[in-house]
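Coordinate inspection notes
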Amino acid sequence: MSNKYEVLSPAGDLECLISAVNFGADAVYLAGTQFGMRTASKNFTDEELARGIEYAHSRGARVHITCNVLPRSRELDALPRFMQTAQELGADAFIIADLGVLDIAKKYAPKVEIHASTQTGIVNYATANVLHKMGVSRVVLARELSIPEIIEIRRNTSPELEIETFVHGSMCISYSGRCIISSYMTGRDANRGDCAQPCRWKYHLYEENREGQYFPVEEDDHGTFLYNSRDLCMIEHLPELLEAGVKSLKIEGRAKSAYYTSVVTNAYAGAVREYEKDPASYKLPEWARSEVYKVSHREYSTGFFLGGEPGQATSSGGYIREYDVVAVCENGGSSCESEITQRNKFLVGDTLDVLAPNSPSFETKALALKNQQGEQVESAPHAMERLTLTTDKPIPTGAFLRKRKTK
């Protein structure tokens, strides 16, 4: 990795991997079809993994493979071949939570680095040091730590042991993701990547003698969300984390879209590269701050990093979304005419917000649209329709075109 600090982005599928790398990720983390903690993601077949690793490596990015489920004994026989294949394809690291899996990785894929998953529950330097002695090159610290606690861990561990922390995305109500609510309520095991997110549901109270009636337990007039964690967002506090000794800044979201990955990666990569230029004079670029509000998110917090607890989002169990992606530029360049694929409806005359790789966003106006028959049209109402768009500014290939939602 050529940069001093690593922006580590999620890749739920090959499209997300390509987007993450194009928008500035130094590394991506993903899962194969086995042993990963996100069954809701598409994940990667061996063929897709080979293509993804080749694409990332050709652009100087690393690929970390999540192998962080807690496997049952009957599943262990499949692990050696899985790990050997990953090594043969060029994986850079495994993210592991289970000590037995760690031992198997050392035996069958010795060339692949081992990173201890956040679900290992690393909250002190003693645990970090023991893991380092066992062959771990990086620890992904528990999300419940404060910055002073991270400083203490860094001070009391080998400089060869890298530290990674989550900086953005959804947070689990349970300690470092060790949750059994989903298993109890739905039979879906959160610790095997199949969480139904019952922490986001509304809850009511039943009285045993009034069959069929329920009573709201209200925090406010929006209802009651007993376990609904706010999202993590540390975009405004990167210097504190980096100066504490954090090497890798991890973005949550392997079940999120390529657009989400692109926006958040672009914001954090832009901010980190700015910091690397001159830490003493660093100031968060305003465009990077605003970008994280252009994706769907719950109420933001700084998690446990600054002390205290992040608290719960009580107004809603859903997301805040201020922008819609209306198109993706398939073929742009220096001309003000570009070929696009439509994603949501927009009109000639609309002002569009353009997100291009590795740069601040900018606004442009939709001046004209033509369909594939070359006919002038006033709107783009059909999802995935290919169109030619004329704007007042050139749009780079690969850019996302967005429109602010009307209230």
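Our subject is the structure that appears above.
From a predicted model like this one, the values you see are computed outputs, not experimental measurements. (Residues numbered from 1 in each chain as written. Predicted model: local features only at pLDDT ≥ 70, side-chain atom pairs only at ≥ 80, totals over all residues. Heavy atoms only, no water.)

Points about the packing of aromatic side chains
Taken as a whole and assessed by the stated rule, the structure comprises 5 aromatic pairs. An angle of 80° between the planes, with centres 5.3 Å apart, marks the rings of Tyr293 and Tyr300 as edge-to-face. Judged by relative accessible area, Tyr293 falls into the partly exposed class, the value being 34%. An aromatic cluster is defined as three or more aromatic residues linked by ring pairs; in this entry it consists of Tyr5, Tyr275 and Tyr282. (Phe/Tyr/Trp six-rings, centres within 6.5 Å; stacked < 30°, edge-to-face > 60°. Buried < 20%, exposed > 50% of the residue type's maximum accessible area, 1.4 Å probe, protein only.)

Here we look at the side chain of His64
Along the chain, the position of His64 falls in strand 3 (residues 62–67). In terms of polar contacts, His64 uses its side chain to reach the side chain of Arg62, at 3.3 Å. Apart from residues lying up to four places away in sequence, His64 is in contact with Glu6, Leu8, Ala27, Val28, Tyr29, Leu30, Asp92, Ala93, Ile95, His115 and Arg138. (Helix = DSSP H or I, 4+ residues; strand = E, 2+ residues; numbered from the N terminus. Polar contact = N/O pair within 3.5 Å; in protein donor to acceptor, adjacent residues only side chain to side chain. Contact = heavy atoms within 4.5 Å.)

Regarding the pattern of salt bridges
As enumerated under the stated definition, the model contains 23 salt bridges in all. With a shortest N-O distance of 3.3 Å, Asp353 and Lys294 are connected by a salt bridge. Highlighted residues: Asp353 in strand 15 (residues 351–355) and Lys294 in the loop between helix 10 (286–291) and strand 12 (300–301), separated in sequence by 59 residues. The exposure classification of Asp353 matches that of Lys294, with both residues buried. (Salt bridge = Lys/Arg side-chain N within 4 Å of Asp/Glu carboxyl O.)

A closer look at the pairing of strand 18 (residues 386–391)
When strand 14 (residues 337–342) meets strand 18, the two strands line up antiparallel, connected through 5 bridges. Residue pairing for strand 18: Ile340 is matched across the bridge by Leu387. Alignment of strand 16 (residues 362–370) against strand 18, held across 4 bridges, turns out to be antiparallel. Each residue of the ladder has a partner; that of Ala368, found in strand 18, is Thr390. (Pairing = 2+ DSSP bridges.)

Looking at the packing of helix 3 (residues 79–89) against helix 4 (residues 99–108)
Remark: helix 3 packs on helix 4, axes separated minimally by 9 Å, with the N-to-C direction vectors making an angle of 50°. On the basis of the axis angle, helix 3 is oblique to helix 4. The interaxial crossing formed by helix 3 with helix 4 has right-handed handedness. Residues Leu79, Pro80, Met83, Gln84 and Gln87 of helix 3 form the contact with helix 4, whose participating residues are Val101, Ile104, Ala105 and Tyr108. (Axes fitted to C-alpha atoms, helices over the stretch in contact; angles between N-to-C directions. Parallel < 35°, antiparallel > 145°, perpendicular 65-115°, else oblique. Left-handed = near helix turned anticlockwise from the far one by under 90°.)

Regarding helix 6 (residues 147–155)
Those residues of helix 6 not exposed but buried are Ile147, Ile150, Ile153 and Arg154. All buried residues of helix 6 fall inside an arc of 115° around its axis, so they share one side. Facing away from the buried side of helix 6 by more than 90 degrees, the exposed set consists of Pro148 and Arg155. Next to the buried residues of helix 6 lie helix 5 (125–133), strand 7 (162–169) and helix 8 (238–243). (Arc of directions from axis to C-beta.)

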